[in-house]
Amino acid sequence: MATVVAFHAHPDDEVVLTGGTLARLVTQGHRVVVVVATDGRVHDDDPYRLDELRSSTAILGAHRVECLGYADSGFGPEFYPDPPGRVRFGRADVEEAAERLAAILRDEEADLLLSYQANGGYFHRDHVQVHHVGKRAAELAATPRVLEVTMPRETLCRMTDFARLLRLPPPYPPEIVRAAYAPRATITHRIDVFDYARQKRDALAAHRSQINGATARLFAVVQHLPPQVFGTMFSREWFVDPTAPQGILRREIFD
C-alpha cells in the first residue's frame, strides 16, 4: 500500500477537488494525509475553519491532517496586508514553505503528492502558490510522483451554464472560466468517485462557515441533493501527470 499526501490551499479545497478520490484511496487501503497551506482566515474575525477541516477529513477517512500555518490571501484584486504575526500564503517564501511541506513528505515517506497546476485552477493566488510550493517540496523530499488536481475546462463551462439556468451565482466569473483548469485533451487521470458521493457530500457540508452570502443558494441546492443525484453530477475527479504522455486516460491514481 502507498502513502498519498494531498496538498491544498484552504479548508474545503480538499473535498471540492479531491474528496471522492481521497475516500476511494482510503477504502483501497492506502494511507491518506491532508495538508492545507492556510487556515482559511482572510480576516482575524473570520470563522475558525480548521475544526471544519478536521470534521471533513474524518468523514473522508484521512489518517492525518496538517496546516502549514499561513494566512489566506483572499481572492480578487485586493491583496490584503499580512495580519499580525502571520504571512499570507501568496507572499510566503517558496523555499521556506516548501521545506515545511517537505518535512511532512519525508516523515510520511510519501509515494505520491497531489498538488495544483501552474494556473492554480482558477488563478487564486494561494492556489498558484500551492503549485510552486508543492513542486519544490517534492524535489526537496525526493517524492517519486506528483499529480496535479484539475478538471476539464469544458465541464466547468457546463457547470456555469447550469448555474445560470437555475439563476444561481456561477462558480467563477466568465473571464476566468475561459482559461481555468485544463482542456480535456490534456488530462491524464479520470477517477470514478460515484461510490463515494455520500462521503463527499457530507464532507462538503462539514464546511458550514462557507455556506453564506452569494454562494449560499448554490451550496444549499448541492448539499440537499440525494447521494445518487449528487454522485451522478459529481461522479469524477481529474488529475494531470506533467511527466506522462497525453492521449491515454488512466482510471486509477496509480496507473
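Located above this text is the structure these notes cover.
Criteria and cut-off values
Residues numbered from 1 in each chain as written. Predicted model: local features only at pLDDT ≥ 70, side-chain atom pairs only at ≥ 80, totals over all residues. Heavy atoms only, no water. 1 Å grid on protein atoms, 1.4 Å probe; cavity = no way out; pocket = protein on both sides within 12 Å on 5 of 7 lines; lining within 4 Å. Points joined across faces, edges and corners; volume = space filled by probe spheres on them. Helix = DSSP H or I, 4+ residues; strand = E, 2+ residues; numbered from the N terminus. Phe/Tyr/Trp six-rings, centres within 6.5 Å; stacked < 30°, edge-to-face > 60°. Buried < 20%, exposed > 50% of the residue type's maximum accessible area, 1.4 Å probe, protein only.

Glancing now at the layout of surface pockets. In this structure, the second largest pocket spans a volume of roughly 220 Å³. At the level of secondary structure, the elements contributing two or more residues to the lining of the second largest pocket comprise β4 (112–116), α4 (125–141) and β5 (145–150). The element that contributes the greatest number of residues to the lining of the second largest pocket is α4, accounting for five residues.

To continue, consider the packing of aromatic side chains. This model, assessed by the stated rule, comprises three aromatic pairs. Centroid distance Phe-7 to Phe-89: 6.5 Å. Interplanar angle 90 degrees. Geometry classified as edge-to-face. Of this pair, Phe-7 sits in strand β1 (residues 3–8) while Phe-89 sits in the loop between β3 (64–70) and α3 (94–108), placing them 82 residues apart in sequence. Its relative accessible area of 0% is what places Phe-7 among the buried residues. Under the relative-accessibility criterion, Phe-89 is labelled buried at 0%. Aromatic side chains Phe-75 and Tyr-122 sit 5.3 Å apart centroid to centroid with 75 degrees between the ring planes, which places their arrangement in the edge-to-face category. Here Phe-75, found in the loop between β3 and α3, pairs with Tyr-122, found in the loop between β4 and α4; they are 47 residues apart in sequence, far enough to count as distant.

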